[in-house]
Amino acid sequence: MAAEGGALGLQQRGGEVGGLSLCPDITGVPGVKVSGHKTPVIMVPTNELCTSEEDLQGQIQAQGPVEVQLLGAEAEDASTPLASFPPVSSSSAAVVAEILFKQALYVMTTELLEFLLLKYRTKEPVFQAEMLNTVLRDNQANFPVVFRKATQCLQLVFGLDVKEVDHREHIYVMVPTLGLTLNEMQRDGQSMPKAGLLLTALSKIVLAGGRIREEKIWGVLSRMGIFAGIEHCIYGEPKELLTQVWVQAGYLQYRQVPYSHPARYEFLWGPRAYAETSKQQVKDYLRRVNRRGPRFFPP
């Protein structure tokens, strides 16, 4: 698997890999970091879905962010050249070994994530044996932790859940998180799945009591490295998605706040969101996320 450029199509030049559109230069895109590995990868530095059980029950509107880093909190440290460290003594050898191991886990997770997204694009089931033999190869003992990291990233960033459909042969398929069919709507072999961003917006609306001011949404997304009017490597132009595409699709309502001068806008759930999921399902999803935090994520 680990072909140059990777199935994600994340490289530093434009073009296409495996039919996936590439960002012209992801090194300058907010919300994207490039590791030292030969295949640059996306790292989303924060996740705004974590909240306390009390907030979920009380629908508290004011909620502070929880810092979350996908694909391992250690990646940034692990990608630091060892040459930058002071001379290693015998007492610090274990620290260096741990850094190297974390870096190796980070690379394996990235390659497995690329593999899973390619399988999603081609609508193929995923066999555990193929993941072991094609992606991990000589590192199969690390499969449980690498698989967990990759699948959690798929859920939070891309809005995809990995479900085991054959427990004997260990065969998996990817399905929309919370039943949202957004990814299927734009499953054209070119676009990245974008339902993770929609799920963030729907979740924040629930936590805000059913409606949320536009400026608060952008405050949340800016802490995730997503900005209005700036192309994002996964989500494209996010303001167009939130205020036009997903409004027209019925997932969101975007309307002027009554009697606001100058005009201010707010987001609410649209009829399609109510048809495909429910606010209770979103709360249950947030509780599952919270059980993995608050801490760096995945562990």
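As the structure is a computational prediction, the values presented were derived from the model and not from experiment.

Summing up its helical and strand segments, the protein has 11 helices and eight strands in all. Considering only contacts in the protein between residues 6 or more positions apart, those separated by 24 or more positions represent 60%. Surface summary for the protein: the accessible area is close to 13,700 Å², and the carbon and sulfur share equals 54%.

On to the sheet that holds strand S6 (residues 211–213). Note on sheets: strands pair through backbone hydrogen bonds, and any given pair is parallel or antiparallel. Spatial ordering of the open sheet is given by S6-S8-S7, a layout of three strands whose pairing is antiparallel. Of all the strands in the sheet, just S6 and strand S7 (252–256) have a single pairing partner and so form its edges. On average, each strand axis in the sheet is tilted by 25° relative to the strand beside it, whichever way the strands run. Taken together, the five bridges between S7 and strand S8 (residues 265–269) define a ladder with antiparallel strand orientation. Of the residues in S8, the one forming a bridge with glutamine 256 is tyrosine 265.

This brings us to the confidence of the model for the protein. On average, the protein scores 73 in pLDDT, and the residues at 70 or more come to 64%. No element of the protein has a lower mean pLDDT than strand S1 (residues 16–17), at 27, and none a higher one than S8, at 97. Here residues 1–47 is modelled with pLDDT under 50, and outside its nearest four sequence neighbours on either side it reaches 129 contacts, counting other chains as well. Here residues 58–80 is a poorly scored stretch, pLDDT under 50, and it has 69 contacts once near neighbours within four places are set aside; other chains count.

Bringing the sheet that holds strand S4 (residues 160–166) into the picture now. Ordered in space as S3-S5-S4, the three strands form an open sheet in which the pairing is antiparallel. Since the sheet does not close on itself, it has two edges, and those belong to strand S3 (126–127) and S4, each with one partner. Bridging between S3 and strand S5 (residues 171–176) involves two bridges; their strand directions are antiparallel. Residue pairing across strands places phenylalanine 127 opposite isoleucine 171, the latter belonging to S5. In the packing of helix H5 (residues 143–158) onto the sheet, contacts are made with S4 and S5, and the angle to S4 comes to roughly 130°.

The next thing to look at is the packing of aromatic side chains. One pass over the full model with this rule turns up five aromatic pairs. Consider the rings of phenylalanine 143 and phenylalanine 147, whose centres lie 5.1 Å apart with planes at 25°: the pair is stacked. Here the residue phenylalanine 143 and the residue phenylalanine 147 both occupy positions in helix H5, the gap between them amounting to four residues, near one helical turn. Of the two residues examined, phenylalanine 143 and phenylalanine 147, each falls in the buried class. Residues tyrosine 254 and phenylalanine 267 carry aromatic rings whose centres are separated by 5.0 Å and whose planes lie at 35° to one another, so their mutual orientation is tilted. Taken together, the residues span a long stretch of sequence, with tyrosine 254 in strand S7 and phenylalanine 267 in strand S8 at a distance of 13 residues. We classify phenylalanine 267 as buried; its relative accessible area is 2%.

With six bridges joining them, S4 and S5 adopt antiparallel strand pairing. Directly across from leucine 160, in S5, lies its bridge partner proline 176. Between S4 and S5, which pair antiparallel and follow one another directly, the connecting turn spans four residues, one of which, histidine 170, has a positive phi of 55°.

With that settled, consider the nonpolar core. Judged by nonpolar contacts, the single largest core of 61 residues is most densely connected at Leu112, Leu116, Met131, Phe158, Leu242 and Trp246. Excluding its chain neighbours within four sequence positions, the residues that come into contact with leucine 242 are Ala201, Ile217, Trp218, Leu221, Val247, Leu252 and Phe267.

Quick notes on the rules
By convention here, each chain's residues receive numbers from 1 onward along its written sequence. Local features are withheld for residues below a pLDDT of 70 in this predicted model, meaning they are given only at 70 or higher, and side-chain atom pairs are given and counted only at 80 or more; totals for whole chains, interfaces and linings count all residues. For side-chain calculations, the full set of non-hydrogen atoms in the structure is used, while hydrogens and water are omitted. Here a helix means four or more residues in a row that DSSP labels H or I, a strand means two or more in a row labelled E, and each is numbered from the N terminus. Pairs of residues are marked as contacts when any of their non-hydrogen atoms sit within 4.5 Å. Accessibility throughout is a Shrake-Rupley quantity obtained with a 1.4 Å probe, and a residue counts as covered only by protein chains that appear here. Two strands make a pair as long as DSSP finds a minimum of two bridges between them. Only C-alpha atoms enter the line fits that serve as axes; for helices the fit covers just the stretch in contact. Angles between N-to-C directions range over 0 to 180 degrees. The predictor attaches a confidence to each residue, called pLDDT, with possible values from 0 through 100. When two rings of Phe, Tyr or Trp (its six-membered ring) have centres within 6.5 Å they constitute a pair, described as stacked for plane angles under 30 degrees, edge-to-face for angles over 60, and tilted for the intermediate range. The buried label applies to any residue whose accessible area, calculated with a 1.4 Å probe on protein chains only, is under 20% of its type's maximum; exposed applies above 50%, and partly exposed to all values in between. By nonpolar core is meant a set of buried Ala, Val, Leu, Ile, Met, Phe, Trp, Tyr and Cys residues that side-chain atoms within 4.5 Å join together.

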